[in-house]
Amino acid sequence: MEFLLGGASSMCAVLFTNPFDVLKTRQQLEGELIAKQNLKERSYKGIRQSVITVVRTDGLRGLQKGLPAALLYQFSMNGVRLGTYQTAENLGWTKSAKHPSLTPLLSLFWGGCAGLASATASCPFYVVKTQLQAVTSGSYTARFQHHHSGTLSAFVNIYKQSGVRGLFRGYTATLARLVVGSSAQMSSFSACKEFFLRYEVFKESIVLTALASSTVAGFLTSVLMSPCDVVTTRMTNQAVSANGKGLLYTNIFDCFLKIYRSEGIHGYYKGFVPMYLRVAPHTMLNLTFWEFFK
């Protein structure tokens, strides 16, 4: 039941936040491995221009690109992540009665373990989601687009081209992304919840406590997770050779290095604003639905 509630809450949240995920993906792929000063034209500069570009090229439906894959991804990822963390919390593994000072470290550790498990379960859905969100019928500045006709078609095409390995493309980056993000999100959410519950106004409302805690957790998660998120998007969407090997990046370290050399620190935070606008409300909605369902 813990796993089911975690998955259901995230599916409810992604219905509202998927448009920001589309904008984030487009911004992260624009000007790939091109220095900022050399990028003369940008189709996805800022939230307003990004929305206008998506609507002009793909219509209003473009803002919900890859939604079926995003729903599957969120159910598999957060179902496993929240279910694993809640199980550890129920067993008392996230807190230490004898040594209270160890509690934050335990929360961080089990948040990371939950991220590790969820990365393995959800990686194929993330690959499909990213490739579908990157496709546009208009002018585009990304290096490559995978033209799938739908979610099922994407799974079939990727499997035919690269086998099971293709469905786990960028797995190491996905792993780093979710371990960092999950550790930051779950530990900060728990710590904030305990802090806010000291005040009477929060004791009287579970929803208000969840919203306030999620706002802080969402910001910390975005800051820490953004570099890994950019790398995951780049590795997942890159073009591949006939034998299924990536043509731009050989591994996570190669991707980090190439982004830094070409785009600097700025490259690691491409798409940060839509990412926060997605992560913060998604965290609020996801964890609020989770608390409500529990």
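Once a new chain begins, its residue numbering starts again from 1 and follows that chain's sequence as written. Local features are withheld for residues below a pLDDT of 70 in this predicted model, meaning they are given only at 70 or higher, and side-chain atom pairs are given and counted only at 80 or more; totals for whole chains, interfaces and linings count all residues. Side-chain numbers come from the whole structure's heavy atoms, not from hydrogens or water.

Novice: Explain the UniProt feature "repeat: Solcar" (unreviewed entry) in the chain to me, please; I cannot follow it from the model alone.
Specialist: UniProt positions are given in the numbering used here, feature names are shortened, and annotations may be inferred rather than shown by experiment. If you check UniProt for "repeat: Solcar" (unreviewed entry), the listed places come out as residues 1-91, 102-195 and 205-294 in our numbering. Secondary structure over residues 1-91 splits into 71% helix and 0% strand, and the C-alpha atoms at its two ends are 15 Å apart. For helices the rule is a DSSP run of H or I covering at least 4 residues; for strands it is a run of E covering at least 2, with both sets numbered from the N terminus onward.

Novice: Just checking my understanding: could you explain the nonpolar core for this structure?
Specialist: In globular proteins that are soluble, nonpolar side chains generally tend to be buried together. The definition of a nonpolar core used throughout is a set of buried Ala, Val, Leu, Ile, Met, Phe, Trp, Tyr and Cys residues joined through side-chain atoms within 4.5 Å. Buried means the residue's accessible area, taken with a 1.4 Å probe over protein chains only, is under 20% of the maximum for its type, while exposed means over 50%, and partly exposed covers the values in between. Among the nonpolar cores identified, the biggest contains 11 residues, and these are Leu33, Ala173, Val230, Val231, Met235, Leu248, Tyr249, Ile252, Cys255, Ile259 and Tyr268. Secondary structure elements with two or more residues in this core: α9 (206-237) and α10 (252-263). Excluding residues that lie within four positions of it along the chain, Val231 makes contacts with Ala173, Ile252, Cys255, Phe256 and Ile259. One finds Cys123, Val128, Leu132 and Ala154 within the second-largest nonpolar core, a separate group that totals 9 residues. Between two residues, a contact is recorded if the distance between any of their heavy atoms is within 4.5 Å.

Novice: In this structure, what is going on with the side chain of Thr174? I would like to understand it.
Specialist: One can find Thr174 in helix α7 (residues 171-196). With a relative accessible area of 0%, Thr174 lands in the buried category. Ignoring anything within four residues of it in the chain, the contact list for Thr174 reads Ala119, Cys123, Tyr126 and Thr232.

Novice: Sorry, what's going on with the pattern of salt bridges here?
Specialist: Pairing is possible between side chains that carry opposite charge, provided their charged atoms lie close to one another. What counts as a salt bridge is simple: a side-chain nitrogen of Lys or Arg found within 4 Å of a carboxyl oxygen of Asp or Glu. In the structure shown here, the tally under the stated rule is 12 salt bridges. One salt bridge connects Lys24 with Asp21, and the closest N-O pair in it is separated by 3.7 Å. With a gap of 3 residues between them, Lys24 and Asp21 both fall in helix α1 (residues 2-29), about one helical turn apart. With a relative accessible area of 1%, Lys24 lands in the buried category. The salt bridge partner of Arg42 is Glu30, with a shortest N-O separation of 3.9 Å. Placement of the pair is Arg42 in the loop between α1 and α2 (46-58) and Glu30 in the loop between α1 and α2, with a sequence separation of 12 residues.

Novice: Quick question: what am I supposed to make of unusual backbone geometry here?
Specialist: As a rule of thumb, non-glycine residues mostly have phi less than zero, and peptide bonds are mostly trans rather than cis. Of note, Leu33 is a non-glycine position whose phi angle comes to about 60°, a positive value. Tracing the sequence through the fold places Leu33 in the loop between α1 and α2. Residue Leu33 is classed as buried on the basis of its relative accessible area, which comes to 16%.

Novice: Honestly, the packing of aromatic side chains in this entry has me stumped. Any pointers?
Specialist: Both the distance between ring centres and the angle between the ring planes are used here to describe each pair of aromatic rings. Here the aromatic set is Phe, Tyr and Trp, taking the six-membered ring for Trp, and pairing holds for ring centres within 6.5 Å; pairs whose planes are under 30 degrees apart are stacked, those over 60 apart are edge-to-face, and all others are tilted. Enumeration over the complete set of coordinates arrives at 11 aromatic pairs. With a centroid separation of 5.5 Å and 70° between ring planes, the pair formed by Phe195 and Phe196 is classed as edge-to-face. What makes Phe195 partly exposed here is its relative accessible area of 36%. For the ring pair Phe196 and Phe202, a centre distance of 4.8 Å and an interplane angle of 40° mean the geometry is tilted. Here the two residues Phe196 and Phe202 agree in accessibility, since each one is buried. Members of the aromatic cluster, joined through ring pairs, are Phe195, Phe196, Tyr199 and Phe202.

Novice: Honestly, the environment of Gly83 in this entry has me stumped. Any pointers?
Specialist: Tracing the backbone shows Gly83 in helix α3 (residues 67-90). Taking the C-alpha atoms as reference, Gly83 lies 4.7 Å from Glu2; in sequence the two are 81 residues apart.

Novice: Please clarify how helix α4 (residues 103-134) should be interpreted in this entry.
Specialist: What sets the pattern is the α-helix's 3.6 residues per turn: residues three or four places apart point alike. Its 32 residues give α4 an end-to-end C-alpha distance of only 41 Å, which falls more than 12% under 46 Å, the value for a rise of 1.5 Å per residue. Along its length, α4 reaches its greatest deviation from straightness, about 55°, at Ser122, and the proline Pro124 lies no more than four positions downstream. The span you would expect from a helix comes to 1.5 Å times its residue count less one. Two axes enter the bend calculation: one fitted to the seven residues ending at the residue in question, the other to the seven starting there, and the bend is the angle between them.

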